[in-house]
Amino acid sequence: MDRILVARLSLDPNETYPNLPQNVQQDLKISHFDYLLNCWKRAQDIKRNTLTRSKVSRLIKFTICIRTIITIITILLKCVFYKNLEKTVLDKRLSVLDSVKLLLVSYSGLVLQIPDMFPQIETQQPLGPSQLVSRLLAQPDTAQGLPTEYLSELINRFTDDGLDTILGTPLAMISDQVRRISILDNFKPFIQSLSFLCENKSVPTVLPTLPEFDPETATARTIEELSLLGPYFKLSAYPGSAPKVAESLFQNAESRNSGDIESCKNGVRGTIQNIQRSLFGISSSIVRASTTSREGLLVYFSHIIRLNQKRAQIQVDPQTVATDGFMHNLAAIMLAFSDPFLDVGASKVDKIDTSYFRTSKRIDIKEDTKINATEEQSDAYYNAAIPNKSHNFITEAFYITLAAMHYGPIRSLVNYNELIREYNEAKKHHERAQQDAVRLTNNTQRVMQDFVAKRLKANLETMTMHKLAYESMVLDPEFLTQTMRFYNLVMAWMVRMVDPVHQHPWNPIKLPLPKDIPDTFSMLPEWIVEDIVEFFIFVGKFGYDTQVIKMNPQTELVTFIITFLRNTKYIKNPYLKAKFVEILFFYTYPIAKGVPGELEAMLNSHPLALEHLVPSLMTFYVEVEQTGASSQFYDKFNIRYNISHVMKTIWSHPAHRAKLREESRNTDVFTRFVNMLMSDVTYLLDESLSKLAEIHQIQTEMEDSATWDAQPDQQRQEREGQFRSLERQAQSYVSLGNETVNMLTYLTAEVVEPFLVNEIVDRLAAMLDYNLSQLVGPKCTGLNVKNRKKYHFEPRALLSQIIDIYLNLNSQTFIEAIARDGRSYRKEYFSKAASILLKHGLKQTDDIAALELIVRKVEEAVRSGAEEEEELGDVPDEYLDPLFFTLMEDPVVLPTSGVIVDRSTIRAHLLGDTRDPFNRTPLSMDMVQPGKKK
């Protein structure tokens, strides 16, 4: 048979053989591979028919043997004899057929590897392995496809002898065709073909050995094009990866109903999930095939990650890195690998090796900022001579997933945030252009403005399509759920690191933590924490409809946040800790009227929250005064706004209020907290009211339409721009001010003494008096802006809260402090405030009576103070405090500047600034010296 095949294959199809039968001559016109495949099919048919005839023959013999019961034993004996004889013949026939098939498979593999081994017909079609492409893409066991059994025999025959040559080229060619797919409706044959091949263990074993699997010359941008699996991983709906998906599915979005749009999104998500399941199946088969193939896949994934480290940068050219879709799918596959150890109890968290970044070279973090280490400390730690070691698959999967998420989907979330910002700006520009086109009277200018408006509209429509396509990917509930499950494990793992007994979450952590921070924690890259907070903030902003937070455990999130807010020294970056508070803000903000935020119940029941949340928030409120950034003065207000909101949310729980009372006895810490709070109220209310006054002035100018329209266009546009800027500032300042005043109100209702210390009480009284004068004094009409709700300005509610603070602090110390305020205190302001509050039903008569009593006591204190001042006479300058120009009662010397000030004055200054006010050198209260100057 071998000689016959060689003789047949040696016939030159380009010559004529008149003596050959017609059918043989016809066979010479097809390629050797097709000829051999047809022969194999005929041999397979003969084998199948032989087996079928054998079964029929035995059935007939069995039927004959039951004709008579009398001869049954004899016939059965004969049947056994003939059956054995027939089986021997059948086995020989089948053995011959199997040998023939094996011979045909062997020669078909050879002509694929060496197409010119025998003379072939001249054809335009390429010969060799590329002949398999069309057959691999067709359905198996069809005329166009390959028989499943043939393919299995071919793979098994050449597993150790050229399988890479036979399959390498067709797989690369198929991958190249996938690269050209622009929409998500024609990818199935390609991915099904690869999945089908990987069902045979030999194929995933050989895949990582192919040069195309992980090309060494690939760059960050080209690896998704050049690597064998890259084009498959690139399949997505991200606009940067597949712009035609957005254009084909989300056209005319403005005119379509939300149900239609949501249906398209869900369709895209279903398709992407199918792709990801197939990719995971392929990747899993590689991992399970052999240790060598598993290592090859991990090397490939880590190579992608190292090439794309630039994706984490704030500013990066998207043409120099891999696309969002490619990195998203990589992360999705790694999340699927991590799934077996993402159980709620983190039962396998101890299997994760915390030394991985030191003992593995897969992921390079040496240049990354660390959680709590300088560059020198990091270099010394990671450059230490520690040998590499092999790690279990749980450890490998965990760390590669961390990195894949960081350089992939987390960056996509940031990109989506930026897209939303640009989208909102484009929307405003378009609306403004439309308004300008209507307002213009000059025809030429109107035509130009119409053209501009149309251009802006077209740009907005494109951005809308891209936005919806982005949302199909980043707001996929299944993906977000899997991501949250992973980050729950990451948070449990990090808390376990700092847990002195390393038993969390099996045994809950105990706070506070030791002062010494473990190196394994402090040397971790800061981006791990940053990714966690970015994810939860993103879901808080955009993912409410996904129900992700509500449907997954929240214990680890609360534990993680409180652990590191309570022990703020463990994480160096203040802005990361600020994002912890931002997460609490988003998930305590009411979902709807009467529906609390997702974390409110947890914060009012979790043991760590009940014990440590209030002191953590107070400590951090003070800490953000100085973040080290150039924008720290403005940043602190937004951070403190979030803290104020969280405090207000949990305030109704008695355990939190009890904790506040307990903390108020820690005089130094609480006094600093109160000082910062009061300073914020002072600044924010002053800025709020001044911006509202300017808005009122411009609104008044606009009411005089004749004068307003008569202004030159440039002057009017500048004024309009100023007005819009003032509106933005007023909205921000008023919101911040409202929340801070509200916090001051309920705190003074709970504890009074900390607000009455010498360093605080005079400034607090002066601040309240000043703002009362602004709200009811001669200048209050300047605050009468139109559409107050737009600016969140409710003057009567604000007035009511200020009066509440007066009532809460009703004491002799506070009354004397009001009396000492000669700048803003006026008796008539209280009378007017009482009248307004009574008129609008904001205060009861008992409250007004209490307020009137305070005013009478203040008046008495004013008279008494005036008499004392008259008796005292003029005070020499050397006895006056140089900062407040008040009589010093307890003078002290500042050690570096040598200036003498009152002890209460410098104590009040150091509450907000830890430097000498005269020469800006570091200063603390234990450094000041009583007595004379140096």
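Note that the structure is a prediction, hence the values are computed from the model and not measured.

Conventions we followed
Residues numbered from 1 in each chain as written. Predicted model: local features only at pLDDT ≥ 70, side-chain atom pairs only at ≥ 80, totals over all residues. Heavy atoms only, no water. Helix = DSSP H or I, 4+ residues; strand = E, 2+ residues; numbered from the N terminus. Rg over C-alpha atoms; globule rule 2.2 N^0.38 Å. Buried < 20%, exposed > 50% of the residue type's maximum accessible area, 1.4 Å probe, protein only. Contact = heavy atoms within 4.5 Å. Areas by Shrake-Rupley, 256 points an atom, 1.4 Å probe, with all protein chains shown as cover. Lys, Arg positive; Asp, Glu negative; His and termini not counted. Charge placed at Lys NZ, Arg CZ, Asp CG, Glu CD. Core = buried A, V, L, I, M, F, W, Y, C linked by side-chain atoms within 4.5 Å. Polar contact = N/O pair within 3.5 Å; in protein donor to acceptor, adjacent residues only side chain to side chain. Salt bridge = Lys/Arg side-chain N within 4 Å of Asp/Glu carboxyl O. Patch = residues over 30% accessible without salt bridge, like charges linked within 9 Å, V, L, I, M, F, W, Y side chains within 5 Å. Axes fitted to C-alpha atoms, helices over the stretch in contact; angles between N-to-C directions. Parallel < 35°, antiparallel > 145°, perpendicular 65-115°, else oblique. Left-handed = near helix turned anticlockwise from the far one by under 90°. pLDDT = per-residue confidence, 0-100. Nonpolar A, V, L, I, M, F, W, Y, C, P; charged D, E, K, R; others polar. Phe/Tyr/Trp six-rings, centres within 6.5 Å; stacked < 30°, edge-to-face > 60°.

## Considering the overall build of the protein
Logical step 1: Scanning the protein from N- to C-terminus turns up 39 helices and three strands.
Logical step 2: For the protein, the C-alpha radius of gyration of 40 Å lies well beyond 30 Å, the compact-globule estimate for 934 residues.
Logical step 3: Taken along its principal axes, the extent of the C-alpha atoms in the protein is 140 × 80 × 65 Å.
Logical step 4: Here the protein holds 934 residues, and the buried ones make up 49% of them.
Logical step 5: Contacts in the protein between residues far apart in sequence, at least 24 positions, make up 76% of those at least 6 positions apart.
Logical step 6: Summing over all exposed atoms, the protein offers an accessible surface of approximately 45400 Å²; the carbon and sulfur share of this is 52%.
Logical step 7: Between the centroid of the 104 positive side chains of the protein and the centroid of its 115 negative side chains there is a distance of 9 Å.

## With respect to the nonpolar core
Logical step 1: With 247 residues, the main nonpolar core has Phe301, Met494 and Phe536 as its most contacted residues.
Logical step 2: No other element matches the 13 residues that helix H21 (residues 477-498) contributes to this core.
Logical step 3: If sequence neighbours within four positions are ignored, Phe301 has contacts with Phe233, Ser283, Leu330, Ile333, Met334, Phe337 and Ile400.

## A word on the side chain of His32
Logical step 1: Considering the arrangement of structural elements, one finds His32 in helix H3 (residues 32-64).
Logical step 2: For His32, a relative accessible area of 2% gives the class buried.
Logical step 3: A distance of 3.3 Å separates the side chain of His32 from the backbone oxygen of Leu9, its partner in a polar contact.
Logical step 4: Once residues within four sequence positions are removed from consideration, His32 is found in contact with Arg8, Leu9, Val111, Phe118, Pro119 and Gln120.

## What to know about the pattern of salt bridges
Logical step 1: Following the criterion strictly, the structure yields 39 salt bridges and no others.
Logical step 2: The salt bridge partner of Lys467 is Glu471, with a shortest N-O separation of 3.1 Å. In this pair, Lys467 and Glu471 both sit in helix H20 (residues 443-474), four residues apart, roughly one turn of the helix.
Logical step 3: Classification of Glu471 as buried rests on a relative accessible area of 7%.
Logical step 4: Shared partners join several salt bridges into a network, and the residues in it are Asp176, Arg179, Arg180, Glu224, Glu225 and Lys234.

## Notes on a negative patch on the surface
Logical step 1: Taken together, the side chains of Asp364, Glu367, Glu375, Glu376 and Asp379 make up a negatively charged region of the molecular surface.
Logical step 2: Mapped onto the elements, Glu375 comes out in helix H17 (residues 375-382).
Logical step 3: Given a relative accessible area of 56%, Glu375 falls into the exposed group.

## Details of the packing of helix H29 (residues 632-650) against helix H33 (residues 713-750)
Logical step 1: Between H29 and H33, whose axes approach to 9 Å, the crossing angle comes to 45°. Here H29 lies oblique to H33, going by the angle between them. In this structure, H29 meets H33 at a crossing whose hand is left-handed. Contacts between H29 and H33 pair Tyr634, Phe637, Asn638, Tyr641, Ser644, His645, Met647 and Lys648 from the former with Tyr733, Ser735, Leu736, Glu739, Thr740, Asn742, Met743 and Tyr746 from the latter.

## Re a positive patch on the surface
Logical step 1: A cluster of like positive charges, contributed by Lys428, Arg432, Arg724 and Arg728, occupies part of the molecular surface.
Logical step 2: When you line up the elements, Lys428 lands in helix H19 (residues 409-439).

## With respect to the confidence of the model for the protein
Logical step 1: Put simply, the protein has an average pLDDT of 89, and 94% of its residues get 70 or more.
Logical step 2: Considering only residues more than four positions removed or in separate chains, one finds that residues 58-70, a stretch of pLDDT under 50, has seven contacts.

## What about the packing of helix H18 (residues 393-407) against H21?
Logical step 1: Between H18 and H21, the shortest axis-to-axis distance is 12 Å and the interhelical angle comes to 120°. With respect to each other, H18 and H21 are oriented oblique. The hand of the H18/H21 crossing is left-handed. Packed against H18, whose contacting residues are Phe398, Tyr399, Thr401, Leu402 and Met405, the element H21 presents Phe479, Thr483, Phe486, Tyr487, Leu489, Val490 and Trp493 at the interface.
Logical step 2: Split by residue class, the contact of H18 with H21 holds ten nonpolar, two polar and no charged.

## Some points on the packing of aromatic side chains
Logical step 1: By the definition in use, this model includes 44 aromatic pairs.
Logical step 2: Ring centres of Tyr487 and Phe535 lie 5.8 Å apart, and the angle between their planes is 45°; on these two criteria the pair is classed as tilted. With Tyr487 in helix H21 and Phe535 in helix H23 (residues 527-542), this pair connects stretches of sequence that are 48 residues apart.
Logical step 3: Judged by relative accessible area, which is 0%, Tyr487 ranks as buried.
Logical step 4: Taking the relative accessible area as the measure of exposure, Phe535 reaches 1% and is therefore buried.
Logical step 5: On the numbers, 5.0 Å between centres and 75° between planes, the contact of Tyr806 with Phe830 is edge-to-face. Remark: Phe830 occurs in helix H37 (residues 827-839) and Tyr806 occurs in helix H35 (residues 795-808); sequence separation between them is 24 residues. Take Tyr806 and Phe830: they sit in the same class, and that class is buried.
Logical step 6: Here the aromatic cluster, defined as three or more aromatic residues joined through ring pairs, consists of Tyr356, Phe357, Phe398, Tyr399, Phe486, Tyr487, Trp493, Phe535 and Phe536.

## Some thoughts on the environment of Ser283
Logical step 1: Summarising the element assignment, Ser283 is placed in helix H13 (residues 258-289).
Logical step 2: The sequence separation of Ser283 and Leu298 amounts to 15 residues, and the corresponding C-alpha distance is 9.9 Å.
Logical step 3: Beyond its immediate chain neighbours, meaning those up to four positions away, Ser283 contacts Phe233, Leu297, Phe301, Ile333 and Phe337.

## Examining unusual backbone geometry
Trans peptide bonds make up the majority, and among non-glycine residues the majority have a negative phi.
Logical step 1: Pro505 follows His504 through a cis peptide bond whose omega is 5°.
Logical step 2: Looking along the chain, the bond that leaves Leu511 and enters Pro512 is cis, with omega of 0°.
Logical step 3: Looking at the secondary structure, you find Pro512 in the loop between H21 and helix H22 (519-522).
Logical step 4: Backbone geometry at Ala346 places phi at a positive 50°, although glycine is not the residue there.
Logical step 5: Note on placement: Ala346 falls in the loop between helix H15 (324-338) and helix H16 (356-359).

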